[in-house]
Amino acid sequence: MAPQTTSSTARHARLISAAQRYAWWLGTRSHGVRSALKLSGWRLSRLGYRLLGRPSGALAWPLGLAFLCLNASSDKAKKECVWIEQCFQGLIDSQGQSTLAGVAIDRGGLGYAALRLFELTQNPRYLAYAQAQGQAFACLPGAQRGCIPYTVGKHWVLVDTVAFICPFLARLSRLTAEPSYAAIALRQLEAMWQHGRADDSWIFHAFDATTLETSGIAGWGRGVGWLLIGMVDTVCELPEGEDKTLWLARGQPLLEKLATCQREDGHWPWRLDAPTAPPDSSVTALIAYALARWRQANFAQAACQPQMLARARSAIESVTDAKGRVGQCSGEAAGMGDYSTVFGSFMWAQAPAVAVDLIGDGL
């Protein structure tokens, strides 16, 4: 693997800055500002948020991605704990209770990171937070049959979910020796694989938990990235056995298929079924992260995998500017079938790119 570069250092610094902003707006530290803006009315509050630098769109799942760098080797991950623990200050209290009301799928990445913080620091509040979150997920409708809707009260099961909660539940299972959590994760993966029709072509974005009807497009690059990191990070937490063997076996042809549509410049297009579609650094970074984790875990590799990862890392380098911002990333999707064709610098490319730097440079 290539040694750390000036660009990787700048990417890392940019990630920390962005993550701290996300955490501030998501947690209790911004409560006073948010309360004041709410009183100003819809139009003025929007202007105020923009002027004060609130990231647009969702906050929780992009912040969870920012913490993927904790999956680096323990010596490197311990160095990341300093700023990540600062981010958690406004998200959980001293007893490990969440400051965020309700239960939401997109917070799974926060629980996943909290469990890694517990491993690295032995601070019990992180485990308490994760256990409460895991119990809440286990009680959601559809948990026992693998069809947890992304939004409570709705019926659409999204591929995003397998990236956000399956690795978390599998890690929680490993650290608590409670197999029911991993069972929920594996049922979610299996249902998405089957009902998202992953064996037919590229996986669909979503399916209806009741009718099993698919929605969105098959071939949305970031959606395939969600599936892949959900699979790899979950498998990394599983003991040896049939489940691990099954998902490693399913991963290989998926990676080989991705190798056939990697562009000459090392990127993948935002639509994998449309080779002429613009390249998308979020797809590239998510796939590169999965490849790096695969190698880190010493799973058997196909011949194409080392070259895929090397080309993807070069592609990420090519779209990183002098300030460390990873560009050429498609914006946040507005829903199934409603995908942004605005490209810029967003956390969902920045975060996995930095994780690749930290994991890949240690291999």
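Up top you'll find the structure we're talking about.
Report on the accompanying structure.

Conventions used here
- Residues numbered from 1 in each chain as written.
- Predicted model: local features only at pLDDT ≥ 70, side-chain atom pairs only at ≥ 80, totals over all residues.
- Heavy atoms only, no water.
- Helix = DSSP H or I, 4+ residues; strand = E, 2+ residues; numbered from the N terminus.
- Rg over C-alpha atoms; globule rule 2.2 N^0.38 Å.
- Buried < 20%, exposed > 50% of the residue type's maximum accessible area, 1.4 Å probe, protein only.
- Contact = heavy atoms within 4.5 Å.
- Areas by Shrake-Rupley, 256 points an atom, 1.4 Å probe, with all protein chains shown as cover.
- Lys, Arg positive; Asp, Glu negative; His and termini not counted.
- Charge placed at Lys NZ, Arg CZ, Asp CG, Glu CD.
- Pairing = 2+ DSSP bridges.
- Core = buried A, V, L, I, M, F, W, Y, C linked by side-chain atoms within 4.5 Å.
- Polar contact = N/O pair within 3.5 Å; in protein donor to acceptor, adjacent residues only side chain to side chain.
- Axes fitted to C-alpha atoms, helices over the stretch in contact; angles between N-to-C directions.
- Parallel < 35°, antiparallel > 145°, perpendicular 65-115°, else oblique.
- Left-handed = near helix turned anticlockwise from the far one by under 90°.
- Nonpolar A, V, L, I, M, F, W, Y, C, P; charged D, E, K, R; others polar.
- Expected span 1.5 Å × (residues − 1).

Concerning the overall build of the protein chain
Inference 1: Secondary structure assignment for the protein chain yields 15 helices and 5 strands.
Inference 2: In terms of C-alpha radius of gyration, the protein chain reaches 19 Å, essentially the compact-globule figure of 21 Å for 363 residues.
Inference 3: Each principal axis of the C-alpha distribution contributes one length, and for the protein chain these read about 55 × 45 × 40 Å.
Inference 4: Out of the 363 residues belonging to the protein chain, those deemed buried represent 56%.
Inference 5: In the protein chain, 69% of the contacts between residues at least 6 apart in sequence involve partners at least 24 apart.
Inference 6: Total accessible area on the protein chain stands at roughly 14700 Å², and carbon and sulfur atoms take up 53% of it.
Inference 7: Distance from the positive charge centre (34 side chains) to the negative charge centre (29 side chains) of the protein chain: 8 Å.

Some details on the pairing of strand E2 (residues 204-208)
Consecutive residues of a regular strand have side chains that alternate between opposite faces of the sheet.
Inference 1: For E2, the tally of buried residues reaches 5 of 5 residues, placing the bulk of the element in the interior.
Inference 2: Direction of pairing for strand E1 (residues 156-158) relative to E2: antiparallel, over a ladder of 3 bridges. The partner of Val157 across the bridge, within E2, is Phe207.
Inference 3: Sheet topology note: the E2/strand E3 (residues 214-218) ladder contains 3 bridges and is antiparallel. By the bridge assignment for E3, Phe207 is matched with Thr214.

A look at the pairing of E3
Inference 1: Within E3, 4 of the 5 residues are buried, which leaves it mostly tucked inside the rest of the structure.
Inference 2: The turn linking E2 back onto E3 is made up of 5 residues, and Leu212 within it adopts a positive phi angle of 70°.

Brief notes about the nonpolar core
Inference 1: Ranked by size, the top nonpolar core spans 123 residues in total, and within it Leu63, Phe67, Phe88, Trp226 and Leu258 carry the most contacts.
Inference 2: The residues touching Phe67, leaving out its near neighbours within four places in the chain, are Trp83, Ile84, Cys87, Phe88, Leu110 and Ala113.

Considerations on the environment of Asp265
Inference 1: Note on placement: Asp265 falls in the loop between helix H12 (242-260) and helix H13 (281-296).
Inference 2: When neighbours within four sequence positions are excluded, Asp265 is seen to be in contact with Pro279, Arg311 and Ala315.
Inference 3: A distance of 2.8 Å separates the side chain of Asp265 from the side chain of Arg263, its partner in a polar contact.
Inference 4: Here His267 takes part through its backbone nitrogen, which lies 3.0 Å from a polar atom of the side chain of Asp265.

Digging into unusual backbone geometry
Inference 1: The residue Gln122 is not glycine, and still its phi comes out positive at about 60°.
Inference 2: Note that Gln122 resides in the loop between helix H6 (108-121) and helix H7 (124-138).
Inference 3: The class of Gln122 is exposed, set by a relative accessible area of 52%.
Inference 4: Even without a glycine there, the phi angle at Arg197 is positive, about 60°.
Inference 5: If you trace the backbone, Arg197 turns up in the loop between helix H10 (179-195) and E2.

A look at the packing of H12 against H13
Packed helix pairs are specified by the crossing angle of their axes together with the interaxial distance, meaning the distance between the axes.
Inference 1: For the pair H12 and H13, the least separation of the axes is 12 Å and the interaxial angle reads 135°. Considering the angle they form, H12 stands oblique to H13. Every pair of crossing elements has a handedness; the one defined by H12 and H13 is left-handed. Contacts between H12 and H13 involve Leu248, Gly251, Gln252, Leu255 and Leu258 from the first element and Ile287, Leu291 and Trp294 from the second.
Inference 2: When its residues are assigned to classes, the contact of H12 with H13 shows 6 nonpolar, 2 polar and no charged.

Things to note about H10
Inference 1: In this model H10 runs 24 Å from its N-terminal to its C-terminal C-alpha over 17 residues, within 8% of the 24 Å that 1.5 Å per residue would give.
Inference 2: Inspection of H10 places Tyr181, Ala182, Ile184, Ala185, Leu186, Gln188, Leu189, Ala191, Met192 and Trp193 among the buried residues, and these make up the whole buried set.
Inference 3: Two residues or fewer past H10, Arg197 is found with a positive phi of approximately 60°.

Everything listed is a geometric property; what it means functionally is a separate question.
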